[in-house]
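# Observations on chain architecture
So the chains spell out like this:
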Amino acid sequence: MHGRKFHHVSGIMNTTLALGHAASGKSNWAETEIMQLEGRAVYVATARVLDGEMRAKVELHATRRGAEWSLIEEALDLPGVCADRRRGEVVLIDCATMWLTNLMLDGMSWEEPTEAWISAMKSSPAHFIVVSNDVGGGITPDNAMARQFQRDQGALNQRLAAALDRVVLVTAGMPQRLK
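## Focus on the overall build of the chain
Scanning the chain from terminus to terminus reveals six helices and seven strands. The secondary structure elements of the chain, listed N-terminal to C-terminal, are β-α-β-α-β-α-β-α-α-β-α-β-β. Computed over the C-alpha atoms, the radius of gyration of the chain is 16 Å, within 12% of the 16 Å expected from 2.2 N^0.38 for a compact globule of 179 residues. Dimensions of the chain, computed from the C-alpha atoms along their principal axes, are close to 45 × 35 × 30 Å. Across the 179 residues in the chain, those meeting the buried criterion constitute 42%. In the chain, the share of contacts with a sequence separation of at least 24, taken over all contacts with a separation of at least 6, comes to 78%. Taken as a whole, the chain presents about 9200 Å² of accessible surface, with 55% of it coming from carbon and sulfur. Once the 19 positive and 21 negative side-chain charges of the chain are each reduced to a mean point, those two points are 6 Å apart.

Here it is, written out as structure tokens:
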């Protein structure tokens with residue numbers, strides 16, 4: 001890999017949150033960022049592939065990334081995955097929204113796992129970029145489950161944004177640094 005080197009030392013940012021609406025280009029932006037860092041690229045996929053449309057999206061992302069990336073598929077245990085990461089790894093977690101969805105569908109709360117996940121990223125010598133959807137920009141959903149998801153996703157994004165070193169909003173493929 002080429003580009004700037006990443007060294008994990010005090011004062012260097014090693015965690016980034018990439019926010020954006022659906023199809024905003026946030027995953028593509030995050031992949032490009034990862035490839036600019038020196039290290040072994042690791043893609044952590046949180047989606048559960050349950051239909052053909054999701055399978056096609058997964059295949060598109062995999063083709064775009066290419067064979068240089070290592071793949072870890074993990075729907076729930078992001079704290080464990082992040083705790084296992086090593087120096088020299090640059091890790092893309094795609095995405096927090098699917099992770100939250102998985103927790104909710106399994107009847108699990110997100111608050112405690114989020115704190116463990118953040119702690120694992122902060123303690124790791126690896127570099128992390130977390131992709132997450134900003135779902136609050138649209139209309140208020142018409143059913144209680146969707147409204148709860150919108151509130152929880154907003155709260156999760158706020159918690160990640162407060163804890164991570166850098167926050168980037170991606171719109172139409174264009175990044176805007178928020179923090």
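## Side note on unusual backbone geometry
Looking along the chain, the bond that leaves Asp94 and enters Cys95 is cis, with omega of 10 degrees. Mapped onto the secondary structure, Cys95 falls in the loop between β4 (89–94) and α4 (96–105). In this model, Ala172 sits at a positive phi of 50 degrees, which is unusual for a non-glycine residue. For Ala172, the position within the fold is in the loop between β6 (166–171) and β7 (174–177).

## So, the nonpolar core
Ile93, Trp117, Met121, Val130 and Leu160 are the most contacted members of the largest nonpolar core, which totals 27 residues. Aside from chain neighbours lying at most four places away, what touches Trp117 is Leu78, Pro79, Cys82, Ile93, Ala96, Trp99, Val130 and Leu160.

## Considering the packing of aromatic side chains
Summed over all chains, the structure comprises two aromatic pairs. Between Tyr43 and Trp69, the ring centres sit 6.2 Å apart and the planes meet at 75 degrees, which makes this aromatic pair edge-to-face. With Tyr43 in strand β2 (residues 40–45) and Trp69 in the loop between α2 (52–65) and β3 (70–73), the pair connects residues that are 26 residues apart, well separated along the chain. Relative accessible area serves as the criterion here: at 6%, Tyr43 is assigned to the buried category. Here Trp69 falls in the buried class, since its relative accessible area comes to 10%. We note Arg65 situated over the ring of Tyr43; from NZ or CZ to the ring centre the distance is 3.5 Å.

## Comments concerning the pattern of salt bridges
Across all of its chains, the model carries seven salt bridges by this definition. In this structure, the salt-bridge partner of Arg85 is Glu89, at a minimum N-O distance of 3.0 Å. Residue classification places Arg85 among the buried positions, given a relative accessible area of 11%. On the basis of relative accessible area, Glu89 is assigned to the buried category, the value being 5%.

## Brief notes about the packing of helix α1 (residues 26–36) against α2
Between α1 and α2, whose axes approach to 11 Å, the crossing angle comes to 25 degrees. Between α1 and α2, the crossing angle belongs to the class labelled roughly parallel. Pair α1 / α2 crosses with right-handed handedness. Facing Ser27, Asn28 and Glu31 of α1, the residues of α2 in contact are His61, Arg64 and Arg65. Of the residues assigned to the contact of α1 with α2, the class counts are no nonpolar, three polar and three charged.

The rules behind these values
- Residues numbered from 1 in each chain as written.
- Predicted model: local features only at pLDDT ≥ 70, side-chain atom pairs only at ≥ 80, totals over all residues.
- Heavy atoms only, no water.
- Helix = DSSP H or I, 4+ residues; strand = E, 2+ residues; numbered from the N terminus.
- Rg over C-alpha atoms; globule rule 2.2 N^0.38 Å.
- Buried < 20%, exposed > 50% of the residue type's maximum accessible area, 1.4 Å probe, protein only.
- Contact = heavy atoms within 4.5 Å.
- Areas by Shrake-Rupley, 256 points an atom, 1.4 Å probe, with all protein chains shown as cover.
- Lys, Arg positive; Asp, Glu negative; His and termini not counted.
- Charge placed at Lys NZ, Arg CZ, Asp CG, Glu CD.
- Core = buried A, V, L, I, M, F, W, Y, C linked by side-chain atoms within 4.5 Å.
- Phe/Tyr/Trp six-rings, centres within 6.5 Å; stacked < 30°, edge-to-face > 60°.
- Lys NZ or Arg CZ within 6 Å of the ring centre and 35° of its normal.
- Salt bridge = Lys/Arg side-chain N within 4 Å of Asp/Glu carboxyl O.
- Axes fitted to C-alpha atoms, helices over the stretch in contact; angles between N-to-C directions.
- Parallel < 35°, antiparallel > 145°, perpendicular 65-115°, else oblique.
- Left-handed = near helix turned anticlockwise from the far one by under 90°.
- Nonpolar A, V, L, I, M, F, W, Y, C, P; charged D, E, K, R; others polar.

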